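Residues per chain are reported as follows:
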Amino acid sequence: LVMAEPKVRSQLALCLRQIAFVDYPQKWPTLLTTIAAKLRSPEQQQLHGGLLALRVIAKIHEYRRDREPVHQIVVESFPVILPLLRNSLAAPPAVSSSELSLLATKIIWSCTQFQLPPMLLNEQSLDHLFETLLALLKQALPAEGQPTDLDDCSN
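Q: Just checking my understanding: could you explain unusual backbone geometry for this structure?
A: Among all residues except glycine, the phi angle is most often negative; among peptide bonds, the trans geometry is most common. Between Tyr 24 and the following residue, Pro 25, the backbone shows a cis peptide bond with an omega angle of 5°. With respect to the helices and strands, Pro 25 occurs in the loop between helix H1 (6-23) and helix H2 (31-39).

Okay, structure coming up:
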């Protein structure tokens, strides 16, 4: 996932999903730790691969009754994901940072849509999360890749 081309990366994410669906967390307990290490990398490619893998794992567990794997994802990753989102807010808008922010917010969604994890049940953590998400919503979109003529969008 880290070194693959974008076209291959999506296929590898599907492979990871199938393997993790069966093996994580019982047979593959080190997976989350490995992913968390990628999230701490300063390299964009490592970070993107880590976020994509974490998104796959979070998506597997988002609808399950056993919420413990989701709680572990939150404990391991949210202390890294929230500063990542704040850093992307401080930087000028770019497509690459917007893609990372999108992946991070999808992970947050998967981990919180049905029940707030215990880590987020205190007011300070929840305020911090919502302030960051609100700032992301208010952030300008990157100029590159935007249509120059709004009539082109209607087709």
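Q: It is not clear to me how the packing of aromatic side chains should be interpreted in this structure. Could you clarify?
A: Each aromatic ring pair is specified by the distance between its two centres and by the angle formed by the two planes. Within this structure, the stated rule accounts for 1 aromatic pair. On the numbers, 5.5 Å between centres and 55° between planes, the contact of Tyr 63 with Phe 114 is tilted. Taken together, the residues span a long stretch of sequence, with Tyr 63 in the loop between helix H3 (44-61) and helix H4 (68-90) and Phe 114 in the loop between helix H5 (95-112) and helix H6 (123-138) at a distance of 51 residues. Overall, the relative accessible area of 57% leaves Tyr 63 in the exposed class. Taking NZ or CZ as reference, Arg 64 lies 4.7 Å from the ring centre of Phe 21, over its face.

Q: Mind showing me how you'd approach the nonpolar core here?
A: Grouped burial of nonpolar side chains is what soluble globular proteins tend to show. Counting residues in hydrophobic clusters, the biggest one holds 36 residues, and the most contacted among them are Leu 51, Leu 54, Ile 81 and Cys 111. For this core, the secondary-structure elements that each account for two or more residues are H1, H2, H3, H4, H5 and H6. Excluding anything up to four places from it in sequence, Leu 51 contacts Leu 39, Ile 81, Leu 84, Leu 100, Leu 103, Ala 104 and Ile 107.

Q: Would you mind going over the pattern of salt bridges with me for this structure?
A: Once the charged atoms of two side chains with opposite charge are near each other, the side chains can pair. For the structure on display, the rule yields 1 salt bridge. Here Glu 62 ties to Lys 59 by a salt bridge, and the two come within 2.9 Å at their closest N and O atoms. A relative accessible area of 1% means that Glu 62 is categorised as buried. For Lys 59, a relative accessible area of 38% gives the class partly exposed.

Q: Even after reading the chapter, I still don't get the side chain of Ser 110, so can you show me in this structure?
A: Inspection of the secondary structure puts Ser 110 in helix H5. Exposure remark for Ser 110: the relative accessible area of 0% places this residue in the buried category. At a separation of 2.4 Å, a polar atom in the side chain of Ser 110 contacts the side chain of Arg 55. Apart from residues no more than four positions distant in its own chain, Ser 110 is found in contact with Arg 55, Ala 58, Lys 59, Glu 62 and Arg 67.

Q: What is the right way to look at the packing of H2 against H3 in this model?
A: How two helices pack is summed up by the angle between their axes together with the distance between the axes. Here H2 crosses H3 at 145°, and the two axes come no closer than 7 Å. For the pair H2 and H3, the crossing hand works out as left-handed. For the pair H2 and H3, the contacting residues are Leu 31, Leu 32, Ile 35, Lys 38 and Leu 39 in the first and Gln 46, Leu 47, Gly 50, Leu 51, Ala 53, Leu 54 and Ile 57 in the second. In the contact of H2 with H3, the residues fall into 9 nonpolar, 2 polar and 1 charged.

Q: How do you make sense of H5 when you look at a structure like this?
A: Three- or four-residue spacings in an α-helix give side chains the same orientation, since the helix completes a turn every 3.6 residues. With 18 residues, H5 ought to run about 26 Å at 1.5 Å a step, and its terminal C-alpha atoms sit 26 Å apart, in line with that. Listed in full, the buried residues belonging to H5 are Ser 97, Leu 100, Ser 101, Leu 103, Ala 104, Ile 107, Ile 108, Ser 110, Cys 111 and Thr 112.

Q: It is not clear to me how the side chain of Arg 55 should be interpreted in this structure. Could you clarify?
A: Looking at where Arg 55 falls in the secondary structure, it is placed in helix H3. Here Arg 55 sits buried without a salt bridge, and the closest side chain of opposite charge, Glu 62, lies 4.7 Å off (N-O distance). Residues contacting Arg 55, with those up to four places away along its chain left out, are Leu 103, Lys 106, Ile 107 and Ser 110.

Q: How do you make sense of the packing of H4 against H6 when you look at a structure like this?
A: It is at 10 Å that the axes of H4 and H6 come closest, and there the two elements cross at 35°. Of the two elements, H4 crosses H6, and the hand of that crossing is left-handed. For the pair formed by H4 and H6, the contact residues are Leu 82, Leu 85, Arg 86, Ser 88 and Leu 89 on the first element and His 128, Leu 129, Thr 132, Ala 135 and Leu 136 on the second.

Cut-offs applied
All residue numbers refer to position in the chain's written sequence, counted from 1. Whole-chain, interface and lining totals are the exception, using all residues; otherwise, since this is a predicted model, local features are given only for residues with pLDDT of at least 70 and side-chain atom pairs are given and counted only at 80 or more. As a convention, hydrogens and water are excluded, and side-chain values are obtained from all of the structure's heavy atoms. Secondary structure follows DSSP: runs of H or I at least 4 residues long count as helices, runs of E at least 2 residues long count as strands, and numbering of each begins at the N terminus. Aromatic contacts are taken between Phe, Tyr and Trp rings whose centres are within 6.5 Å, Trp giving its six-membered ring; a plane angle under 30 degrees counts as stacked, one over 60 as edge-to-face, and the others as tilted. Buried residues are those whose accessible area, probed at 1.4 Å on protein chains only, stays under 20% of the maximum for their type, while exposed residues exceed 50% and partly exposed ones sit between those limits. Placement of a charge over a ring requires the Lys NZ or Arg CZ to be within 6 Å of the ring centre, with the centre-to-atom vector within 35 degrees of the ring normal. We call a set of buried Ala, Val, Leu, Ile, Met, Phe, Trp, Tyr and Cys residues a nonpolar core when their side-chain atoms join them within 4.5 Å. Throughout, a contact is declared for two residues whenever any of their heavy atoms are within 4.5 Å. Should a side-chain nitrogen of Lys or Arg be within 4 Å of a carboxyl oxygen of Asp or Glu, the pair is scored as a salt bridge. In protein, a polar contact requires one atom able to donate a hydrogen and another able to accept it; more generally it is a pair of N or O atoms within 3.5 Å, and residues adjacent in sequence count only if both atoms are side-chain atoms. To obtain each axis, a line is fitted to C-alpha atoms, and for helices this fit is confined to the stretch in contact; angles are then taken between N-to-C directions over 0 to 180 degrees. What makes a crossing left-handed is the near helix being turned counterclockwise from the far one by less than a right angle; a clockwise turn instead makes it right-handed. Residues are sorted three ways: Asp, Glu, Lys and Arg are charged, Ala, Val, Leu, Ile, Met, Phe, Trp, Tyr, Cys and Pro are nonpolar, and all the rest, Gly among them, are polar. One less than the residue count of a helix, multiplied by 1.5 Å, gives the span that helix is expected to have. Only four residue types enter the tally: Lys and Arg on the positive side, Asp and Glu on the negative side, with His and both chain ends excluded.

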